[in-house]
Amino acid sequence: MNPQKRYAVCMLAAEVAPLSKTGGLADVAAALSKALVAAGHDVRLFTPAYSSIDRAACAARAVPNLQKLRLTVGARAFVFSVLRGKLPGGTPVFLVDCPALFARASIYTSDADEHVRFIAFTRAALMACGEMRWAPRIVHCNDWHTAFAPLLLRTVLKDEPLFATTSTLLTIHNIGYQGIFAASQAKDLGLAPGATPLLYSPDLAAGQINALRHGILYADAINTVSPTYAREICTSEYGMGLDDSLRVRSQDLSGILNGVDYEEWDPRIDRYLPTHYDPAHLAVKTRLKAAFVARLGLDPDPAIPLAGVVSRLATQKGFELMYETLPRVLSQRALNFVVLGAGETQYEEFFSALALRYPGRVHFHQGYDEELAHWIEAASDLFLMPSRYEPCGLNQMYSLRYGTVPVVRRTGGLADSVRHFNPEDGTGTGVVFNDFDGPALEWALNTTLDLYAQPAPWARVVRNGMECDFSWQRAASEYLALYARL
Ligand code: ADP
C-alpha cells in the first residue's frame, strides 16, 4: 500500500455514537471514521437525522447545496436535506434529514416501510456525493441498511462518471439482522427491467428480498468484525441462511477485529470514575469496588469477588446458560453479581427473580446506563459473556483494559480477543470455555473463582489483560490495507 495515499471514503451507517446507538455498529462507525480522519483521509460519514438526535449538541448546520432534494422510492416521493455536524473529537458527520422517514419513535421500526427508509437513506447519501461533486474512492456500507449501495452503483448509477472508480466494501456487524422484505416491493429498488435478474432468485421464489444478501453478492469486498466470525458465518450453524452466498464470496471475505476507543474506555482517564488507576495502582480498583458494592447494597466483604454483565438482553448473548448455573454457583460459592441490561422479557424476568432470591448478592439494573456501564467495568473482578455468537464484542476488550477478567465462550471476536489463562506458564488473559451449555459455563465460573482465590496467578491474569492493546489505530490500518486491495 502506498502510505501517502489519501482515500475519499463515503461511510454509510444507520447509527453513529453518540448521536444514535443501539449497539456496536454505532461505536465502530464513529471510531473508525475518527481514526481514518486522524490519519489524514477524507471521510464523509452519512447517517439518518433521526428526530431523537440533538442537532444543537452536534452543531448541525444546513449544507447550502444539499437542501430540498427530491428522491423517489417506488411509488413514494420524498424531499430531503443534508446537515453537516461534528461528533465529539471533531469528526464531520452528514445527517440525511427526511422527517417523513426518520421522525419516528425509534431508530429502527417494524413499520411496513422499514426497507424504504434505508433504501432512501442509501440513495440520498449517494445523491449528496453527486451534488457535492465529490467522487468517493470507497463506498463503505455497514450492515443490511446500506447493503444495496453496491447493487445500485452497478445498475441505477452505473453511468454516473463520479462513481467510475468507486469500489465498495460491506462490513457485516451482525448477520442476525438482514433486512428482509416482500418480493412484491422489488420496485422500491428502482432497478431497470434489464437489471432485475441481479436480484437473488431463490429468495424471490420464496417471496422475499434480503438486503444483506445483495451486499454480500455485489460488494467488491466483504468483511466482518473479527477473523473467527468471518470463518463462522460461512457455516450453516452461524450463517443464518446466508452462508451459501458467503462461501461463494469467500475469496473476498475477511475479518478485522474492532478497536476500542481508549479515550472513552480506560481506567487511567475514565470520566465517570472519581479516581483512576493503571496496572501499578490496582489498590484504587479495590477501593472503587468497595464503594460500588456499598452503593448497590451488596455484601461488603472485600474477599467476595464481584462478577459483572453489561449487555443487550438478547438470545445472541447466551443468558439461558445462566438459568441453572448461576443459582447453583451463587449457592455454593462466595460471589456478588451485578447485571446492567435491557431487552427480552424472559431475561429481564430471570435477572429480576435472581436479585429477589439473592438479596445483597445480586443486583439487576434494568435499562441503558452509560455511567453504570463504566462503573461495572472498573469495579468488577470478572465479567461474563457466554455468547451464543459474538461478531466482535466490545465489553470483553473494555474488561481487559480495566483489569476485569473476562469469562467468555470461544466464539467470534471473543475467541480472537481473550486467551485462556494457563497457570503453568502464566500466559493468557481470561477464562475461555468452548461448549454452549450450562456445565461449560459452570466450569468456567468455578475455574475463575478458584483462580481468584490464588493472589499470584490472579494478579498475573489481570496484568496480562491490562497490557493488551486493541486500539483503533491498528484496526484502521487494517481497513486501509483492505481499501488498497479494492
Ligand atoms: P452488541 O453490538 O451486540 O450489543 P457489543 O459488545 O459489540 O455488543 O457492543 C455493545 C455496546 O453497548 C457496548 O459499548 C456496551 O457497553 C453497550 N451497552 C450494551 N447494553 C448496555 C446498557 N444496558 N447500558 C449501557 N451500555 C450498554
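What you see is a predicted model; the values in this text were computed from it and never measured. (Residues numbered from 1 in each chain as written. Predicted model: local features only at pLDDT ≥ 70, side-chain atom pairs only at ≥ 80, totals over all residues. Heavy atoms only, no water.)

## Some remarks on unusual backbone geometry
In terms of backbone geometry, most residues other than glycine have negative phi values and most peptide bonds are trans.
Next, step 1: Omega for the peptide link from Ala17 to Pro18 comes to 0 degrees, which places this bond in the cis form.
Next, step 2: Tracing the sequence through the fold places Pro18 in the loop between β1 (8-12) and α1 (24-38).
Next, step 3: Positive phi values are uncommon outside glycine, yet Arg133 reaches one of about 50 degrees.
Next, step 4: The residue Arg133 is located in the loop between α3 (114-131) and β7 (138-142) in this model.
Next, step 5: For Arg133, a relative accessible area of 59% gives the class exposed.
Next, step 6: You will see that Asp143, though not glycine, has its phi angle at about 60 degrees, which is positive.
Next, step 7: Along the chain, the position of Asp143 falls in the loop between β7 and α4 (149-154).
Next, step 8: The exposure class assigned to Asp143 is buried, which follows from its relative accessible area of 8%. (Helix = DSSP H or I, 4+ residues; strand = E, 2+ residues; numbered from the N terminus. Buried < 20%, exposed > 50% of the residue type's maximum accessible area, 1.4 Å probe, protein only.)

## Quick word on the environment of Tyr50
Next, step 1: Mapped onto the secondary structure, Tyr50 falls in the loop between β2 (42-48) and β3 (61-62).
Next, step 2: Non-local contacts of Tyr50, meaning those with residues more than four positions away in its chain, are made with Ala14, Ser20, Arg55, Phe102, Ile107, Arg117 and Phe118.
Next, step 3: A distance of 2.6 Å separates the side chain of Tyr50 from the backbone oxygen of Ala14, its partner in a polar contact. (Contact = heavy atoms within 4.5 Å. Polar contact = N/O pair within 3.5 Å; in protein donor to acceptor, adjacent residues only side chain to side chain.)

## With respect to the domain arrangement of the chain
Next, step 1: Each assigned domain of the chain is listed with its residue range as follows: domain 1 (8-259 + 472-485) and domain 2 (282-466).
Next, step 2: For domain 1 versus domain 2, the separation of C-alpha centres amounts to 34 Å.
Next, step 3: Of the residues lining the interface, 19 residues belong to domain 1; the matching set on domain 2 comes to 18 residues.
Next, step 4: Across the interface of domain 1 and domain 2, roughly 1300 Å² is buried in total on both sides, 54% from carbon and sulfur atoms.
Next, step 5: The tally of links between domain 1 and domain 2 comes to nine residue pairs in polar contact (both at pLDDT 80 or more).
Next, step 6: Residue contributions to the side of domain 1 that touches domain 2 peak at four residues, all from helix α7 (residues 227-232).
Next, step 7: Residue classes in the side of domain 1 that touches domain 2 are distributed as seven nonpolar, nine polar and three charged. (Domains from an automatic or database assignment. Buried area = accessible area lost by both parts, 1.4 Å probe. Nonpolar A, V, L, I, M, F, W, Y, C, P; charged D, E, K, R; others polar.)

## Points about the site of the ligand
Next, step 1: Contacts to the ligand come from 19 residues, most closely from Gly24, Arg312, Lys317, Gly367 and Leu394.
Next, step 2: Residue Arg312 places a side-chain N or O atom 2.7 Å away from an oxygen atom belonging to the ligand.
Next, step 3: Relative to its unbound accessible area of 560 Å², the ligand is 93% covered by the protein chains.
Next, step 4: Under a 2 Å grid-point criterion requiring more than half of the atoms, the pocket assigned to the ligand is the largest pocket.
Next, step 5: Of all the secondary-structure elements, those providing two or more residues to the shell around the ligand are α1, β13 (306-313), β14 (336-343) and α13 (395-401).
Next, step 6: Broken down by element, the residue count for the shell around the ligand peaks at three residues, all from β13.
Next, step 7: Across the shell around the ligand, the residue classes tally to six nonpolar, eight polar and five charged.
Next, step 8: Counting residues domain by domain, the shell around the ligand receives three or more from each of domain 1 (8-259 + 472-485) and domain 2 (282-466). (Near = heavy atom within 4 Å. Areas by Shrake-Rupley, 256 points an atom, 1.4 Å probe, with all protein chains shown as cover. 1 Å grid on protein atoms, 1.4 Å probe; cavity = no way out; pocket = protein on both sides within 12 Å on 5 of 7 lines; lining within 4 Å. Sits in = over half its atoms within 2 Å of the grid points.)

## A short note on the pairing of strand β16 (residues 382-385)
Next, step 1: Side chains Leu382 and Leu384 of β16 all project onto a buried face; the interleaved residues Phe383 and Met385 project onto the opposite face, where all are buried too.
Next, step 2: Across two bridges, β13 lies against β16 in parallel orientation. Paired with Gly308 across the bridge in β16 is Phe383.
Next, step 3: Looking at chain direction, β16 and strand β17 (residues 405-409) are connected through four bridges and run parallel. Bridging from a neighbouring strand, Leu384 pairs with Val407 of β17. (Pairing = 2+ DSSP bridges.)

## A closer look at the pattern of salt bridges
Next, step 1: This structure, assessed with the given rule, holds 25 salt bridges.
Next, step 2: Here Arg76 ties to Asp113 by a salt bridge, and the two come within 2.9 Å at their closest N and O atoms. Taken together, the positions of Arg76 in strand β5 (residues 76-86) and Asp113 in the loop between α2 (99-102) and α3 put the pair 37 residues apart, joining distant regions of the chain.
Next, step 3: Using a relative accessible area of 33% as the deciding quantity, one classes Arg76 as partly exposed.
Next, step 4: Among the ionic pairs, Asp266 bridges to Arg268, the shortest N-O distance being 3.0 Å.
Next, step 5: For Asp266, a relative accessible area of 7% translates into the label buried.
Next, step 6: For Arg268, a relative accessible area of 35% corresponds to the partly exposed category.
Next, step 7: Salt bridges sharing common partners tie together Arg76, Arg104, Asp111 and Asp113. (Salt bridge = Lys/Arg side-chain N within 4 Å of Asp/Glu carboxyl O.)

## Notes on the state of the cysteines
Next, step 1: Under the counting rule described, the total for this entry stands at zero disulfides.
Next, step 2: Cysteine Cys58 is unpaired, with the sulfur of Cys98 as its nearest cysteine sulfur at 17 Å.
Next, step 3: Between Cys234, a free cysteine, and Cys392, which holds the nearest cysteine sulfur, the sulfur-to-sulfur gap is 17 Å.
Next, step 4: The class for Cys234 is buried, based on a relative accessible area of 17%. (Disulfide = S-S within 2.5 Å.)

## Overview of the packing of aromatic side chains
Next, step 1: Taken as a whole and judged by the stated rule, the model has 19 aromatic pairs.
Next, step 2: With centroids separated by 6.3 Å and ring planes inclined at 75 degrees, the aromatic side chains of Trp265 and Tyr402 adopt a geometry described as edge-to-face. Pair noted here: Trp265 is in the loop between β12 (253-255) and α9 (282-296) and Tyr402 is in the loop between α13 and β17, with a separation of 137 residues, a long-range link.
Next, step 3: According to the relative accessible area criterion, Tyr402 is buried, its value standing at 0%.
Next, step 4: On the numbers, 5.8 Å between centres and 40 degrees between planes, the contact of Phe351 with Phe364 is tilted. (Phe/Tyr/Trp six-rings, centres within 6.5 Å; stacked < 30°, edge-to-face > 60°.)

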